[in-house]
Amino acid sequence: MKAILIANPKGGSGKTTLTTNVAGYLASQGQRVAILDLDRQKSATQWLANRPRNLPSIELMHSESDMGAPVDWLVIDSPAGLHGKNLEHALRLVHKVIVPIAPSAFDIQASRDFLEALHHEKTVRKGKIFVGVVGMRMDSRTRAALTLEQFLKGLDLPILAYLREAQVYVNAAFEGKTLFDLAPSLAERELEQWAYLINWMQHSEE
Ligand SMILES: Nc1ncnc2c1ncn2[C@@H]1O[C@H](COP(=O)(O)OP(=O)(O)O)[C@@H](O)[C@H]1O
Ligand SMILES: [Mg+2]
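A brief look at the structure comes next. Computed from a prediction, not measured in an experiment: that's the story for all the values here.

**Quick word on helix H1 (residues 15-28)**
Next, step 1: Under the 1.5 Å per step criterion, the end-to-end length of H1 is 20 Å for 14 residues, consistent within 8% with the ideal 20 Å.
Next, step 2: Among all positions of H1, only Lys 15, Leu 18, Thr 19, Thr 20, Asn 21, Val 22, Ala 23, Gly 24, Tyr 25, Leu 26 and Ala 27 are buried.
Next, step 3: Following H1 by one or two positions, Gly 30 has its phi on the positive side, about 85°.

See below:
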């Protein structure tokens, strides 16, 4: 089983949106996928409860020792404020981490310690854990994107995608759906922005 942690200590950075869409993408590819929801707010769990039965199925893993049906992928959504022992514990479950960052100076600064901790982890577990950043609700040619890029330079962490702000994410979420469950014409530009992230998730050992 491959496992991905979606994490950022700040609330509202896009963790649950990324979790559901990553899981939705993998399910759309015929992969067996489960979500583990570590957030007490249980947003991903509620989203899954709304998911129409005719769409590619995604399971809910209730705890990490849950021995339900075997899956190919586990996508872990995490709460705001994940740090210390809980972060270390979550990191031990996965080989990849995706960090969504929202487009503000406050969000970028608030992610600093977290990204430094991940950078350290990456160095310690060289070749065993891979970390990438997603600019969430961010356009690539904006001040926020430039600031994020400069900020990440010293940390040697790749930017996997800029996912722009789009109502289609919000609307899909209301219905237990993801971009990958919609008619492609409804999310054409958004889907393009996922290409590198999808490739990194499945193949990249960088
Ligand atoms: N790319 C996007 N376009 C539009 N809205 C977004 C996008 N990413 C996240 N959002 C919205 O931003 C808010 C916070 O996202 P969420 O995934 O709940 O963050 P977190 O789980 O980190 O708290 C939600 O209302 C969500 O619908
Ligand atoms: Mg959330």
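There is more to say after this.
**Remarks on the site of ligand 1**
Next, step 1: Taken together, the neighbourhood of ligand 1 is formed by 15 residues, with Gly 12, Lys 15, Thr 16, Thr 17 and Ala 166 sitting nearest.
Next, step 2: Gly 12 has a polar backbone atom sitting 2.8 Å from an oxygen atom of ligand 1.
Next, step 3: A distance of 2.6 Å separates an oxygen atom of ligand 1 from a polar side-chain atom of Thr 17.
Next, step 4: Compared with its free state, where it exposes 550 Å², ligand 1 has 74% of that area covered by protein.
Next, step 5: Secondary structure elements with two or more residues in the shell around ligand 1: H1 and helix H7 (167-174).
Next, step 6: Top element by residues in the shell around ligand 1 is H1. It accounts for 3 residues.
Next, step 7: Classifying every residue of the shell around ligand 1 by side-chain character gives 5 nonpolar, 6 polar and 4 charged.

**Let's talk about the environment of Glu 121**
Next, step 1: Relative to the elements of secondary structure, Glu 121 occurs in helix H5 (residues 112-124).
Next, step 2: Contacts of Glu 121, omitting those with residues within four sequence positions, involve Leu 91 and Ile 129.

Conventions and cut-offs
- Residues numbered from 1 in each chain as written.
- Chains lettered and ligands numbered in written order.
- Predicted model: local features only at pLDDT ≥ 70, side-chain atom pairs only at ≥ 80, totals over all residues.
- Heavy atoms only, no water.
- Helix = DSSP H or I, 4+ residues; strand = E, 2+ residues; numbered from the N terminus.
- Expected span 1.5 Å × (residues − 1).
- Buried < 20%, exposed > 50% of the residue type's maximum accessible area, 1.4 Å probe, protein only.
- Near = heavy atom within 4 Å.
- Polar contact = N/O pair within 3.5 Å; in protein donor to acceptor, adjacent residues only side chain to side chain.
- Areas by Shrake-Rupley, 256 points an atom, 1.4 Å probe, with all protein chains shown as cover.
- Nonpolar A, V, L, I, M, F, W, Y, C, P; charged D, E, K, R; others polar.
- Contact = heavy atoms within 4.5 Å.

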